[in-house]
Amino acid sequence: LSWLQEHARDCAPADPYCIFQVSTTTGESTYVIRSHRSFVGQTPHFAEGLRTAGEPPRVLLLNSLNHSAGHTSVSLAMEISAEMGLPSKIDRPAPPLEVREFAPHIAITSDRVISTILDQIGEAPLFGAGPTKAVIVGPNIDPALLTRLIAAGIDAGECYGTQETG
């Protein structure tokens, strides 16, 4: 991370970082330019609540880099020097047994991805042994989903940082 910080000194927080294609409420596609501040600036603050004690943390990568959760997961993992786990398939097709075998400490993903994995895995432990924190991203997260995760022993919370607002 220090190498990136050194080489990014000439980047201002408002400089473009990436362009996302997003669907609007009308169903039409639009493009949103995200700034460096969107990811680099928020990461140290976000990391404080997700650090783990003891062994090096493991961050599960479930989202592609065309979703802000994918970028947030990678930047967080770099910030806390975490091992990153990438299943053979990402998003909703992620194999639940691979997810459990990696035994992540942290997972940042959308409600539809975590719901799909939960439905496939049934009553078995979702993330394997060890403490896990899950941040579910998106608008209008169903409270029943958070309750289900908490009942499974997962420290779950929600976050919504819409791409449309940058």
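Residues numbered from 1 in each chain as written. Predicted model: local features only at pLDDT ≥ 70, side-chain atom pairs only at ≥ 80, totals over all residues. Heavy atoms only, no water.

Chemist: Please give an account of the sheet that holds strand S4 (residues 83–85) that cites residues and values.
Modeler: Spatially, five strands are ordered S4-S3-S5-S6-S7 in an open sheet, and the strand pairing comes out parallel. Of all the strands in the sheet, just S4 and strand S7 (155–159) have a single pairing partner and so form its edges. Along the sheet, successive strands turn relative to each other by an average axial angle of 20°, direction set aside. Relative to S7, strand S6 (residues 133–137) is paired through five bridges, and the arrangement is parallel. (Pairing = 2+ DSSP bridges. Helix = DSSP H or I, 4+ residues; strand = E, 2+ residues; numbered from the N terminus. Axes fitted to C-alpha atoms, helices over the stretch in contact; angles between N-to-C directions.)

Chemist: Break down the packing of helix H6 (residues 111–121) against helix H7 (residues 143–151) for me, with residues and values.
Modeler: Where H6 contacts H7, the axes come no closer than 11 Å and their chain directions differ by 50°. Considered as vectors, H6 and H7 are oriented oblique to each other. At the point where H6 passes H7, the crossing takes the left-handed sense. Listed contacts from H7 to Asp111, Ile114, Ser115, Leu118 and Asp119 of H6 are Leu145, Arg148 and Leu149. (Parallel < 35°, antiparallel > 145°, perpendicular 65-115°, else oblique. Left-handed = near helix turned anticlockwise from the far one by under 90°. Contact = heavy atoms within 4.5 Å.)

Chemist: Now, about the pattern of salt bridges: what can you tell me, with residues and values included?
Modeler: What the rule picks out here adds up to two salt bridges. Note that Arg112 is salt-bridged to Asp91, the shortest N-O span being 2.7 Å. Placement of Arg112 in helix H6 and of Asp91 in the loop between S4 and helix H5 (96–102) is noted, with a sequence separation of 21 residues between them. According to the relative accessible area criterion, Arg112 is partly exposed, its value standing at 36%. In this structure Asp91 comes out as partly exposed when scored by relative accessible area, which is 21%. (Salt bridge = Lys/Arg side-chain N within 4 Å of Asp/Glu carboxyl O. Buried < 20%, exposed > 50% of the residue type's maximum accessible area, 1.4 Å probe, protein only.)

Chemist: Which residues make up unusual backbone geometry, and what values do they have?
Modeler: The phi torsion of most residues other than glycine is negative, and most of the peptide bonds are trans. Within the chain, Asp91 stands out as a residue other than glycine whose phi angle is a positive 65°. Here Ala103, not a glycine, exhibits a phi torsion of approximately 50°, which is positive. Structurally, the position occupied by Ala103 is in the loop between H5 and strand S5 (106–110).

Chemist: Can you lay out helix H4 (residues 68–79) for me, pointing to particular residues and giving the numbers?
Modeler: Along its twelve residues, H4 runs 16 Å from first to last C-alpha, staying within 8% of the 16 Å computed at 1.5 Å per residue. Taken together, the buried positions of H4 are Ser68, Ala69, Gly70, His71, Thr72, Ser73, Ser75, Leu76 and Ala77. One or two residues past the end of H4 sits Ser81, with phi positive at roughly 55°. (Expected span 1.5 Å × (residues − 1).)

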